[in-house]
Amino acid sequence: MRLRYLALLPLLTSQAMADTFSVEVEVPRLSVAEYHAPYVAFWVENADRSTLKPLGLWYDDQEKWLKDIRQWWRRTGRSQSAPYDGLTGATRSPGTHTVDFSDVDALKSLPAGEYTLVVEAAREVGGREVLKLPFQWPAGQRPQQQQVIGTDELGTVTLTVSQ
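Because the structure is a prediction, the values reported are computed rather than measured.

Enquirer: Looking at this structure, I do not really get the sheet that holds strand E7 (residues 128-137). What am I missing?
Expert: Sheets are built from strands that pair by backbone hydrogen bonding, the pairs being arranged parallel or antiparallel. What the five strands build is an open sheet, ordered E4-E3-E2-E6-E7; its pairing is mixed. Only two strands of the sheet have a single neighbouring strand rather than two, namely strand E4 (87-89) and E7. Strand-to-strand, the axes of this sheet are offset by a mean angle of 20°, without reference to chain direction. As judged from the eight bridges shared by strand E2 (residues 39-46) and strand E6 (residues 113-122), these two strands associate in the antiparallel manner. Bridge assignment links Asn46 to a residue of E6, and that residue is Tyr115.

If you want it as structure tokens, here you go:
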């Protein structure tokens, strides 16, 4: 009986030590005549941009506007169909929103190395913005936090990677 519990210990330890990967995104309220919440795509790429892992997508039921998220569309979007890879959900209203990508399969299979989180936003009757945040995967002993401030479609975007 005692051996059964000891056999589970490595499993429990690896779950408790799993890396976390969360992104906090500020969607600003813009003073425009016709406001639409932005479509936002999240993905990870390596330094030479040869490895791309889609993490998530915020959009409503109007798939025709997904092409406006140009980099995401050209790199991975047009080769996918609903349901899209990663965590998907509706567009977000103005405010600060946190999304945890820790359980996305694309991250679980990511080899150790230097990467960039890319966050791209586009609005119907609006602009487009791409923000990039570098990080090391896996997190290691020290938590990592990167922050970038958008100028048009996004406010502050914060990436937290920790063990």
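Enquirer: Honestly, the packing of aromatic side chains in this entry has me stumped. Any pointers?
Expert: Here the distance between the centres and the angle between the planes together describe a pair of aromatic rings. This structure, assessed with the given rule, holds seven aromatic pairs. Seen from the ring of Tyr35, Arg29 lies directly overhead, with NZ or CZ sitting 4.5 Å from the centre.

Enquirer: Before we go on, may I ask you to explain the pattern of salt bridges in this structure?
Expert: Side chains carrying opposite charge are able to pair once their charged atoms draw close together. In total, this model carries five salt bridges according to the counting rule given. In this structure, Glu153 and Arg123 form a salt bridge, with 2.4 Å as the shortest nitrogen-oxygen distance. Taken together, the positions of Glu153 in the loop between strand E8 (144-149) and strand E9 (156-162) and Arg123 in the loop between E6 and E7 put the pair 30 residues apart, joining distant regions of the chain. No difference in accessibility class separates Glu153 from Arg123, as the two residues are buried. One salt-bridge network, held together by shared partners, links Glu45, Arg49, Arg75 and Lys132.

Enquirer: Looking at this model, I keep getting lost on the sheet that holds E9. Mind explaining?
Expert: With antiparallel pairing, four strands are arranged side by side in an open sheet as E5-E1-E9-E8. In this open sheet, the two strands that pair with only one neighbour each are strand E5 (95-100) and E8. When strand polarity is set aside, the average angle formed by the axes of neighbouring strands in this sheet is 15°. Two strands pair when backbone bridges link them, and strand E1 (residues 20-27) and E9 are joined in this way by six bridges, in the antiparallel orientation.

Enquirer: Teacher, can you tell me more about the nonpolar core here?
Expert: Soluble globular proteins tend to pack their nonpolar side chains together in the buried interior. Core analysis: the biggest nonpolar cluster contains 29 residues, and Phe21, Val23, Leu55 and Leu117 have the highest contact counts within it. Going through the elements one at a time, E1, E2, strand E3 (52-58), helix H3 (105-108), E6, E7 and E9 are the ones with two or more residues in this core. In this structure, Leu52, Leu57, Leu66 and Ile69 belong to the second largest nonpolar core, which totals eleven residues.

Enquirer: Please explain the pairing of E6 as it appears in this structure.
Expert: The two faces of a sheet get side chains in turn, since along a regular strand they alternate between them. Most of E6 is tucked away, with nine of its ten residues classed as buried. Bridge count between E6 and E7: ten bridges; the pairing is antiparallel. Within E7, the position partnered with Ala121 by the bridge is Glu129. A loop of five residues connects E6 with E7, the two strands running antiparallel in sequence, and Val125 in this loop sits at a positive phi of about 55°.

Enquirer: Can you help me understand the environment of Tyr39 in this one?
Expert: Assignment of secondary structure puts Tyr39 in strand E2. Of the polar contacts made by the side chain of Tyr39, one reaches the side chain of Asp60; its length is 2.3 Å.

The rules behind the values
Residues numbered from 1 in each chain as written. Predicted model: local features only at pLDDT ≥ 70, side-chain atom pairs only at ≥ 80, totals over all residues. Heavy atoms only, no water. Pairing = 2+ DSSP bridges. Helix = DSSP H or I, 4+ residues; strand = E, 2+ residues; numbered from the N terminus. Axes fitted to C-alpha atoms, helices over the stretch in contact; angles between N-to-C directions. Phe/Tyr/Trp six-rings, centres within 6.5 Å; stacked < 30°, edge-to-face > 60°. Lys NZ or Arg CZ within 6 Å of the ring centre and 35° of its normal. Salt bridge = Lys/Arg side-chain N within 4 Å of Asp/Glu carboxyl O. Buried < 20%, exposed > 50% of the residue type's maximum accessible area, 1.4 Å probe, protein only. Core = buried A, V, L, I, M, F, W, Y, C linked by side-chain atoms within 4.5 Å. Polar contact = N/O pair within 3.5 Å; in protein donor to acceptor, adjacent residues only side chain to side chain.

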